[in-house]
Amino acid sequence: MRSCEQSTPEGDDAVLVAAAMRDRRAFAPLYRRYLDLIYRYSYRRLGSREAAEDATSQVFYRAMAGLDGFRSGSFRAWLFTIAHNVVIDHARRHPQAFPLDPLYDPPDDTSTPEELAIHADQRRAVARALAGLSPDQQRVIELRMAGLTGAEIAEVLGKNAAAVKMLQFRAMTNLRERLGGQKDTIDG
């Protein structure tokens, strides 16, 4: 009979972080777990494969270098705080580099041309709607899209959970109004 208890990513992360603090080679499982999430977040924010690869590399370099400074809380939130700072640093160094599509995901090789075209239209509609949000609302949505929980987003943004919940509610309400009948675009 299988146990009803399941480990949480946060619990798994705590064990992995503790191991990595003792031996940096043990950082590999954390790297594998978060590589794709950090890359996609960086790609959405920076808009180019090269910039996202550089940023992702820098995030994990800083995480390994600063691992002894991690005390408690969500490792994922701590890692995304680093990612946010790396993206901001990149934007300051390259002010002319703007992403063409902030919601762009690397192409899925299994999609048909028709699916790619529909997805591209939906991304453009959502990108236009996102552009009308406040910067804080945009960040909450970006971090939520990256898979962070409300508590993790609060940690990344340095806000309390209630403020993040309100920002997300207002952002989603605003997006729904802007997208009109395209509800599936943001809900599904």
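This text follows the structure it describes.
Here goes a summary of the coordinates provided.

With that settled, the discussion passes to the nonpolar core. If you look at the biggest cluster of nonpolar residues, it comprises 35 residues, and the most contacted ones within it are Phe27, Leu30, Ile38, Phe75, Leu79, Phe80 and Leu143. Only helix H1 (9–22), helix H2 (28–46), helix H3 (49–65), helix H4 (75–93), helix H6 (135–145), helix H7 (150–157) and helix H8 (161–179) provide two or more residues apiece to this core. Ranked by the residues each element gives to this core, the list is headed by H4, at nine residues. Core analysis: the next-biggest nonpolar cluster, separate from the first, contains ten residues, Leu130, Leu133, Ile141 and Leu175 among them.

By secondary structure assignment, the location of arginine 40 is in helix H2. In this structure arginine 40 comes out as partly exposed when scored by relative accessible area, which is 26%. When the C-alpha positions of arginine 40 and alanine 52 are compared, they lie 7.7 Å apart, and in sequence the two are twelve residues distant.

If you walk through the whole model with that rule in mind, you get nine aromatic pairs. Considering the side-chain rings of phenylalanine 27 and phenylalanine 60, the 6.4 Å spacing of their centres and the 75 degrees angle between planes classify their relative orientation as edge-to-face. Highlighted residues: phenylalanine 27 in the loop between H1 and H2 and phenylalanine 60 in helix H3, separated in sequence by 33 residues. Residue class for phenylalanine 27 comes out buried when judged on its relative accessible area of 2%. When its relative accessible area of 5% is taken as the criterion, phenylalanine 60 is described as buried. On the numbers, 6.4 Å between centres and 75 degrees between planes, the contact of phenylalanine 27 with phenylalanine 75 is edge-to-face. Remark: phenylalanine 75 occurs in helix H4 and phenylalanine 27 occurs in the loop between H1 and H2; sequence separation between them is 48 residues. Taking relative accessible area as the criterion, phenylalanine 75 reaches 2% and is therefore assigned buried.

Inspection of the entire model under this criterion finds twelve salt bridges. For aspartate 89, the salt bridge identified is with arginine 62, shortest N-O distance 3.1 Å. Note that aspartate 89 is positioned in helix H4 and arginine 62 in helix H3, a separation of 27 residues in sequence. Exposure remark for aspartate 89: the relative accessible area of 23% places this residue in the partly exposed category. According to the relative accessible area criterion, arginine 62 is partly exposed, its value standing at 30%. Through salt bridges with shared partners, a single network forms among Asp12, Asp13 and Arg33.

Parameters and conventions
For every chain, the first residue of the written sequence is number 1, and numbering continues from 1 along that sequence. Only residues with pLDDT of at least 70 get local features here, since the model is predicted, and only at 80 or more are side-chain atom pairs given and counted; chain-wide, interface and lining totals rely on the full set of residues. No hydrogens and no water enter the side-chain calculation; it runs on all heavy atoms of the structure. Here, nonpolar core refers to any group of buried Ala, Val, Leu, Ile, Met, Phe, Trp, Tyr and Cys residues whose side-chain atoms link them within 4.5 Å. Relative accessible area decides the class of each residue, using a 1.4 Å probe on protein chains only: under 20% of the type maximum gives buried, over 50% gives exposed, and in between gives partly exposed. Every helix listed is a DSSP run of H or I at least four residues long, and every strand listed is a run of E at least two residues long, numbered separately from the N terminus. Stacked, edge-to-face and tilted labels apply to pairs of Phe, Tyr and Trp rings (six-membered ring for Trp) whose centres lie within 6.5 Å, assigned for plane angles under 30 degrees, over 60, and everything in between, in that order. Whenever a carboxyl oxygen of Asp or Glu lies within 4 Å of a side-chain nitrogen of Lys or Arg, that contact is scored as a salt bridge.

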